[in-house]
Each structure stands twice: as structure tokens, then as C-alpha cells.
Amino acid sequence: KSKTDKKTAIGLGVGTIAVVALVIGIIAGITMDKRIAVDECIVVELDGYNGTGRVYSYYLDEELFAKQFMSATSAKTEDEARSNMYYLMNNISLYTSTKEGLENGDDVIVEISYDNDIAHEYGIKFTGDTYTLEVSGLGELAEYNPFEHLEVYFEGIAPNASVYYDMKDGMLSESRFSVDK
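Before going into details, it helps to say that this report is about the structure given with it. In this convention, every chain numbers its residues from 1, walking through the sequence in written order. Reporting in this predicted model follows two pLDDT cut-offs: at least 70 for local features of residues, and 80 or more for side-chain atom pairs to be given and counted; totals over whole chains, interfaces and linings ignore these cut-offs and use all residues. Note that the side-chain values use all heavy atoms of the structure and ignore hydrogens as well as water.

### Some words on the sheet that holds strand β6 (residues 107-113)
Sheet architecture is open: three strands sit in the order β4-β6-β8, paired in antiparallel fashion. Two strands in the sheet have a free side with no partner beyond their single neighbour: β4 (93-95) and β8 (130-134). The average undirected angle you get between the axes of adjacent strands in this sheet is 20°. At least two DSSP bridges between two strands are required for those strands to pair. Each helix is a run of DSSP H or I of at least 4 residues and each strand a run of E of at least 2, with the numbering of both proceeding from the N terminus. As judged from the three bridges shared by β4 and β6, these two strands associate in the antiparallel manner. Within β6, the residue paired with L94 across the bridge is I112. Between N-to-C directions, angles span 0 to 180 degrees; the directions come from axes that are lines fitted to C-alpha atoms, helices contributing only their stretch in contact.

What follows is the structure, given as C-alpha cells:
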């Protein structure tokens, strides 16, 4: 055979392999589940002060989840897509053991659990097993002496003596105290 025939045969072989690989890639892309990164849809809310902070709430954010889900779903109508989305969201569980005594720099770790077999029925694959939030922005506690502005005085002679108090200024100026004797 001539050199031209060999080059043509090699070219046809390489071309055939490329076409087969392309077809396999397209089929795999069509049948492969679309991914939703659940860990990118978690919101953690904190409150309190540095050293006494707490997890106020943590949840799967509907809007963040919907952005990923709506681009991944193959539902025929928006109503069907929303129904499927809520069903899948209800099958995702979140848990954190870190809830109180937080200070800036601590990590809050939310564990995520889901059933990818259920998600697969909708052409979806969930990813992300945990979400980590570094605590920041908690204010500092200010020291306060509740008795600093309290003035106590006595009137009368025992056994008919009385105790009186006056709270001047301070955060507790509207507070009431009781005397135990």
C-alpha cells in the first residue's frame, strides 16, 4: 500500500474514535444528574456577644436553592418544578451541635444529610455534606455594675424601721427591688 493510503486509514481511525468519544460524551451529559451544591444554600444566623454568642437559626435558603434547582430541573412547567423543589427541600436535614458560647473566630459546622436516591428520581444529584461558617461580628460585652447607681437608706427605729431605695440614672432606673428582711 502507498503512504497516502496509510495516512488516510490512520486519519479515518482517529476521526472515528473522536466521533465515538463525542457521542459518548453527549449521551453521558444528557443522562447525567445535574448537581446542586446544598452547602451553598445554607444560612446561619448568629446573635449575642463575643464569648456568649449563639446560633439563632440555621436553614436551607429557598431562594439560593431555587436558583440552582430551576437551572437543573427538567420539569415541564414552573408549577411542577416548584412542587418538585419543595419535595426535595423537605428531604434535606440540617444539624449543628455548636449552638452557644460562641466567640469571634469560632467555626459553626452545619451537617447536611439528604437522600441522593430520591434526588436521582428528579435528575438531580446533591453535593456538599457540611457547611462551615466562621463566627465574626459579635460585639464585645460591656461590664455593668447594677448597684452603682443604687442608693439605699433606712428610716425609723426597730421594730418599725423601713428600707427605701433610689435608683439614679443607670440602665436599671425603672427596676424594682424587694427586701427580704
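### Focus on helix α3 (residues 78-89)
By definition here, a helix of n residues has an expected span of 1.5 Å times n minus one. Here α3 spans 16 Å end to end across 12 residues, near enough to the 16 Å set by a 1.5 Å rise per residue. Burial classes follow relative accessibility: with a 1.4 Å probe on protein chains only, a residue under 20% of its type's maximum area counts as buried, one over 50% as exposed, and anything between as partly exposed. Residues A81, N84, M85, L88 and M89 constitute the buried set of α3. Axial view of α3: buried residues confined to an arc of 135°, hence all on one face. Arc, as used here, means the arc of the directions from the helix axis to the C-beta atoms.

### Overview of the pattern of salt bridges
A pairing counts as a salt bridge when a side-chain nitrogen of Lys or Arg comes within 4 Å of a carboxyl oxygen of Asp or Glu. Applying the stated rule across the entire model yields one salt bridge. R54 is paired through a salt bridge with D47; the nearest N and O atoms lie 3.1 Å apart.

### Considerations on the packing of helix α2 (residues 62-72) against α3
Where α2 meets α3, the closest approach of the two axes is 11 Å, and the angle between their N-to-C directions is 120°. One way to sum up the angle between α2 and α3 is to call them oblique. Two packed elements cross with a definite hand, and for α2 against α3 that hand is right-handed. For the pair formed by α2 and α3, the contact residues are E62, F65, A66, F69 and M70 on the first element and A81, R82, N84, M85, Y86, L88 and M89 on the second. Tallied by class, the residues present in the contact of α2 with α3 amount to nine nonpolar, one polar and two charged. With respect to orientation, any angle under 35 degrees is reported as roughly parallel, any angle over 145 as roughly antiparallel, any angle of 65 to 115 as roughly perpendicular, and every other angle as oblique. Crossing handedness is read from the near helix: turned anticlockwise from the far helix by less than a right angle, it gives a left-handed crossing, and turned clockwise, a right-handed one. The contact criterion used is simple: two residues touch if any of their non-hydrogen atoms lie within 4.5 Å. Any residue outside Ala, Val, Leu, Ile, Met, Phe, Trp, Tyr, Cys, Pro, Asp, Glu, Lys and Arg is labelled polar, Gly included; the first ten of those are nonpolar and the last four are charged.

### Re a nonpolar patch on the surface
Residues form patches when they are more than 30% accessible in relative terms and have no salt bridge. Like charges link within 9 Å. Nonpolar side chains (Val, Leu, Ile, Met, Phe, Trp, Tyr) link within 5 Å. Accessibility throughout is a Shrake-Rupley quantity obtained with a 1.4 Å probe, and a residue counts as covered only by protein chains that appear here. Residues F147, V152, F154, V163, Y165, F177 and V179 make up a contiguous nonpolar surface patch of roughly 650 Å² in combined accessible area. Those elements giving two or more residues to the nonpolar patch turn out to be β9 (150-155) and β10 (162-167). Among the structural elements, Y165 can be located in strand β10. Given the relative accessible area of 30%, Y165 is considered partly exposed.

### Some points on the pairing of β6
Along β6, the buried face is formed by V108, V110 and I112; none of D107, I109, E111 and S113, which line the opposite face, is buried. Two elements, β6 and β8, share five bridges in a ladder whose sense is antiparallel. Following the sheet pairing, D107 is matched in β8 by E134.

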